[in-house]
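Chains, contacts and geometry: an overview
Take a look at the letters that make up each chain.
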Amino acid sequence: EAGVVQSPRYKIIEKKQPVAFWCNPISGHNTLYWYLQNLGQGPELLIRYENEEAVDDSQLPKDRFSAERLKGVDSTLKIQPAELGDSAVYLCASSRGTGAQDEAFFGQGTRLTVV
Amino acid sequence: AQSVTQPDIHITVSEGASLELRCNYSYGATPYLFWYVQSPGQGLQLLLKYFSGDTLVQGIKGFEAEFKRSQSSFNLRKPSVHWSDAAEYFCAVGAFGGYNKLIFGAGTRLAVHP
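All values reported here derive from a predicted model rather than from experimental measurement.

Rules and cut-offs
Residues numbered from 1 in each chain as written. Chains lettered and ligands numbered in written order. Predicted model: local features only at pLDDT ≥ 70, side-chain atom pairs only at ≥ 80, totals over all residues. Heavy atoms only, no water. Salt bridge = Lys/Arg side-chain N within 4 Å of Asp/Glu carboxyl O. Helix = DSSP H or I, 4+ residues; strand = E, 2+ residues; numbered from the N terminus. Buried < 20%, exposed > 50% of the residue type's maximum accessible area, 1.4 Å probe, protein only. Phe/Tyr/Trp six-rings, centres within 6.5 Å; stacked < 30°, edge-to-face > 60°. Contact = heavy atoms within 4.5 Å. Polar contact = N/O pair within 3.5 Å; in protein donor to acceptor, adjacent residues only side chain to side chain. Nonpolar A, V, L, I, M, F, W, Y, C, P; charged D, E, K, R; others polar. Disulfide = S-S within 2.5 Å.

On to the pattern of salt bridges. Residue and element names in this part refer to chain A. Evaluated as defined, the whole model comprises 9 salt bridges over all chains. Between aspartate 86 and arginine 64 there is a salt bridge; the shortest N-O distance is 2.6 Å. In this pair, aspartate 86 sits in the loop between β8 (75–79) and β9 (88–95) while arginine 64 sits in the loop between β6 (53–56) and β7 (65–68), placing the two residues 22 residues apart along the sequence. A relative accessible area of 6% means that aspartate 86 is categorised as buried. What you see here is one network of salt bridges that share partners, running through Arg64, Glu83 and Asp86.

Next comes the structure, spelled out in structure tokens:
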């Protein structure tokens, strides 16, 4: 079974430019998460999807960040415009559900550098 | 508010030595607790989890953790460390139960000397 796939693995952009990250969850996983991991910190939840519905986006900075999960499978996270402080690793995870037995599996992440 | 504290930023041990990584949590209800490992350039991998029952839980790669409610702790242990265990370790609490929202500590980076 393939794991959670993210692309690109690395991205370098100039500030004020847009950037997008893509995530393909494990087949059959209804729940998808985007986490932000700053250097030297643990991941922090940005948004959680149940199928195609964003059920928890309270930590997503909506002035510049947006996300979508069309058809309840793949997801895209976008930043427009990017700022220097957005440099971090963006992790995607998926699980069958959110119950106690539904382990969340993480992708390798996209490392964003804004210059 | 829920929070997780990992007091040790870096730990260095010799190969074959025992290991204990500390984790303290703040959570109003019965916590769901997790330990994840992140190797360089890799995603997070679940080592073990505690939801209820036996307070000593066994995980993969020879790791175990003990939940102590009185101390609000969930320390990770391994009796004999291997060089391949060098990585970053994250403790997390599951807010609202389960995996709805994992709240992570800042992590402990483990170095292993030969």
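Turning our attention to the packing of aromatic side chains. Within the structure shown, the criterion is met by 16 aromatic pairs over all chains. Here tyrosine 35 of chain A and phenylalanine 106 of chain A contribute two aromatic rings whose centre-to-centre distance is 5.6 Å and whose plane-to-plane angle is 50°, an arrangement assigned as tilted. Taken together, the residues tyrosine 35 of chain A in strand β4 (residues 31–37) and phenylalanine 106 of chain A in strand β10 (residues 105–106) connect sequence positions 71 residues apart. Comparing tyrosine 35 of chain A with phenylalanine 106 of chain A, the two get one shared label, buried. Note on tyrosine 50 of chain B and phenylalanine 74 of chain B: the rings are 6.4 Å apart at their centroids and 45° apart in plane angle, and the pair reads as tilted.

Time to look at the interface of chain A and chain B. In many reports, interface size means the accessible area that the parts give up when they come together. Every contact between the two is made by 23 residues of chain A and, on the other side, 20 residues of chain B. Run the count over chain A and chain B and you get 0 salt bridges. Applying the counting criterion to the chain A and chain B interface returns 7 residue pairs in polar contact (both at pLDDT 80 or more). In terms of residues, the side of chain A that touches chain B owes the most to one element, β4 of chain A, which gives 3 residues. Of the residues that constitute the side of chain A that touches chain B, the class distribution is 8 nonpolar, 10 polar and 5 charged.

This next bit is on the state of the cysteines. Taken as a whole, this structure holds 2 disulfides over all chains when the rule is applied. Across the disulfide from cysteine 23 of chain A sits cysteine 92 of chain A; the S-S distance is 1.9 Å. Disulfide cysteine 23 of chain A-cysteine 92 of chain A: the torsion about the S-S bond is -70°, which places it as left-handed. Placement of the pair is cysteine 23 of chain A in strand β3 (residues 19–24) and cysteine 92 of chain A in strand β9, with a sequence separation of 69 residues. Relative accessible area serves as the criterion here: at 0%, cysteine 23 of chain A is assigned to the buried category. Put simply, cysteine 23 of chain B and cysteine 91 of chain B are joined by a disulfide, and their sulfur atoms are 2.0 Å apart. With the S-S bond torsion at -65°, the cross-link from cysteine 23 of chain B to cysteine 91 of chain B turns out left-handed. Remark: cysteine 91 of chain B occurs in strand β10 (residues 87–95) and cysteine 23 of chain B occurs in the loop between β3 (19–21) and β4 (24–26); sequence separation between them is 68 residues. Both residues of the pair, cysteine 23 of chain B and cysteine 91 of chain B, belong to the buried class.

The next thing to look at is the environment of threonine 55 of chain B. Residues and elements named next belong to chain B. Looking at the secondary structure, you find threonine 55 in the loop between β6 (44–50) and β7 (56–58). Since its relative accessible area comes to 32%, threonine 55 is described here as partly exposed. In sequence terms threonine 55 and phenylalanine 74 are 19 residues apart; their C-alpha atoms lie 9.2 Å from each other. In this structure, threonine 55 is in contact with Tyr50, Ala65, Glu66 and Phe67, ignoring residues within four places of it in sequence.

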